[in-house]
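The lines below spell out each chain.
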Amino acid sequence: MPFSEINSKMVEAQVLPGQRLFSQRGAMLAYRGEVSFTPNVGGGQGGVMSMIGRRVAGEATPLMTVEGHGTVLFGHGGHHVQVVNLSGDTLCVEADRLLAFDGSLQQGTLFLGAQGGVMGMVRGQVTGQGLFTTTLKGHGAVAVMAHGGVIELPITPGRSVHVDPQAYVAHYGEVRNKLSTALGWRDMVGRGSGEAFQLELSGQGAVFVQASEEKL
């Protein structure tokens, strides 16, 4: 496991020769050893299409390629940090919530509207969240950021989980998402909280929920 949780707001990463990590720009707090940090203009392994997805979503979060031999301390803005270990699963997380992740993970972009239909588009326009979510797939670890702490809620067949879209951090597994509203169209005008919208997650996996609705 390349990430060790130092405290709730900081993780330590092991950097080994021949391997690499990606981190959000400005996330490095300190390091030991021979470690280099190079701006990644291609958006990591996702390349141009990954960056296109982020730019459309207003999530053009620059990445740094981390290589060498040593250890690095990561943290950003005093946000809570949660380490997610993947064993072949796919993690869906907004790009601006990514702190650092294994370079071996396959990157992609998920258009939430493809599953949520018209309401998926409303999510981006009304709640202030992006239409595109970054996906990371494979075996490795990811460090994500959240406000006020985070809790992992299991998603099991027949027991879907409803989440305030602004409290949503990430999810993994074979999970389908659907955004619905508890209010009429007139009532929704000017509202962007979970009182108006609910993100329903069903299938097999888990979702990470933050304690605060504040957006990063």
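Predicted model, so just to flag it, every value in this text is computed and none were measured.

## Things to note about the overall build of the chain
Then comes step 1: Looking only at helices and strands, one finds 3 helices and 13 strands in the chain.
Then comes step 2: By residue count, 50% of the 216 residues in the chain fall in the buried class.
Then comes step 3: The contacts of the chain with a sequence gap of at least 6 include a subset with a gap of at least 24, amounting to 82%.
Then comes step 4: When the accessible surface of the chain is split by element, carbon and sulfur atoms take 53% of a total near 9900 Å².

## Notes on the side chain of T65
Then comes step 1: Position of T65 relative to the elements: it lies in strand β5 (residues 63-74).
Then comes step 2: For T65, a relative accessible area of 7% puts it in the buried group.
Then comes step 3: For T65, the residues in contact, after removing those within four places along its chain, are R20, L21, F22, S36, F37, T38 and N40.

## Remarks on the pattern of salt bridges
Then comes step 1: For the structure on display, the rule yields 1 salt bridge.
Then comes step 2: As a salt-bridge pair, E12 and R32 come within 2.8 Å of each other at their nearest N and O atoms. One end of the pair, E12, is in strand β2 (residues 10-15); the other, R32, is in strand β4 (residues 28-40), and 20 residues separate them in sequence.
Then comes step 3: A relative accessible area of 16% places E12 in the buried class.

## Overview of the nonpolar core
Then comes step 1: By size, the foremost hydrophobic cluster in this structure holds 18 residues, and its most contacted members are L86, L91, L98, F101, V142, V144 and Y172.
Then comes step 2: Listing elements by their share of this core, those giving two or more residues are β6 (80-93), β7 (98-102), β9 (132-146), β12 (168-181) and β13 (197-210).
Then comes step 3: Not counting residues up to four positions away in its chain, the partners in contact with F101 are F3, L21, F22, L63, Q107, L136, A141 and V142.

## Some details on the side chain of T135
Then comes step 1: Position of T135 relative to the elements: it lies in strand β9.
Then comes step 2: In this structure T135 comes out as buried when scored by relative accessible area, which is 14%.
Then comes step 3: Apart from the residues lying within four places of it in its own chain, the contact partners of T135 are T90, L91, C92, Q106, Q107, G108, T109 and L110.

## Considering the environment of R32
Then comes step 1: R32 gets classed as exposed once you look at its relative accessible area, which sits at 52%.
Then comes step 2: When the C-alpha positions of R32 and V15 are compared, they lie 9.8 Å apart, and in sequence the two are 17 residues distant.
Then comes step 3: When neighbours within four sequence positions are excluded, R32 is seen to be in contact with E12, H69, G70 and T71.
Then comes step 4: A distance of 2.8 Å separates a polar atom in the side chain of R32 from a polar atom in the side chain of E12.

## Structural notes on the pairing of strand β3 (residues 20-24)
Then comes step 1: Among the 5 residues in β3, 4 count as buried, and that is most of the element.
Then comes step 2: Examined bridge by bridge, β3 and β5 share 5 bridges and lie antiparallel to one another. Bridged to S23 within β5 is M64.
Then comes step 3: Direction of pairing for β3 relative to β7: antiparallel, over a ladder of 3 bridges. Directly across from F22, in β7, lies its bridge partner F101.

## Here we look at the environment of V15
Then comes step 1: For V15, the location among the structural elements is in strand β2.
Then comes step 2: On a C-alpha basis, the gap between V15 and V72 in space is 7.4 Å, while along the polypeptide they are 57 residues apart.
Then comes step 3: Not counting residues within four places of it along the chain, the set of residues in contact with V15 comprises L21, V66, E67, G68, H69, G70 and V72.

## As for the confidence of the model for the chain
Then comes step 1: Scored by pLDDT, the chain comes out at a mean of 79, with 70% of its residues at no less than 70.
Then comes step 2: Predicted confidence for residues 46-59 stays below pLDDT 50, and this span has 30 contacts to residues more than four positions away or in other chains.
Then comes step 3: Confidence drops under pLDDT 50 across residues 113-130; counting only partners more than four residues distant or on other chains, this segment forms 41 contacts.

Thresholds applied
- Residue numbers restart at each chain and count upward from 1, following the sequence in its written direction.
- Predicted model: local features are reported for residues with pLDDT of at least 70 only, side-chain atom pairs are reported and counted for 80 or more only, and whole-chain, interface and lining totals are derived from all residues.
- The side-chain numbers reported here are obtained from all heavy atoms of the structure, hydrogens and water having been left aside.
- For helices the rule is a DSSP run of H or I covering at least 4 residues; for strands it is a run of E covering at least 2, with both sets numbered from the N terminus onward.
- Accessibility here uses a 1.4 Å probe with only protein chains present; expressed as a share of the type maximum, an area under 20% marks a residue as buried, one over 50% as exposed, and anything in between as partly exposed.
- In this description, contact between two residues means that some pair of their heavy atoms is separated by no more than 4.5 Å.
- Working definition of accessibility: Shrake-Rupley area with a 1.4 Å probe, residue cover restricted to the visible protein chains.
- Counted as salt bridges are all cases of a side-chain nitrogen of Lys or Arg within 4 Å of a carboxyl oxygen of Asp or Glu.
- Nonpolar core, defined: a set of buried Ala, Val, Leu, Ile, Met, Phe, Trp, Tyr and Cys residues in which side-chain atoms within 4.5 Å join the residues together.
- We call two N or O atoms a polar contact when they sit within 3.5 Å, provided that within protein one can donate a hydrogen and the other can accept it, with sequence-adjacent residues counted only if both atoms are side-chain atoms.
- Paired strands, in this sense, are two strands between which DSSP finds at least two bridges.
- pLDDT expresses, on a scale from 0 to 100, how confident the predictor is about each individual residue.

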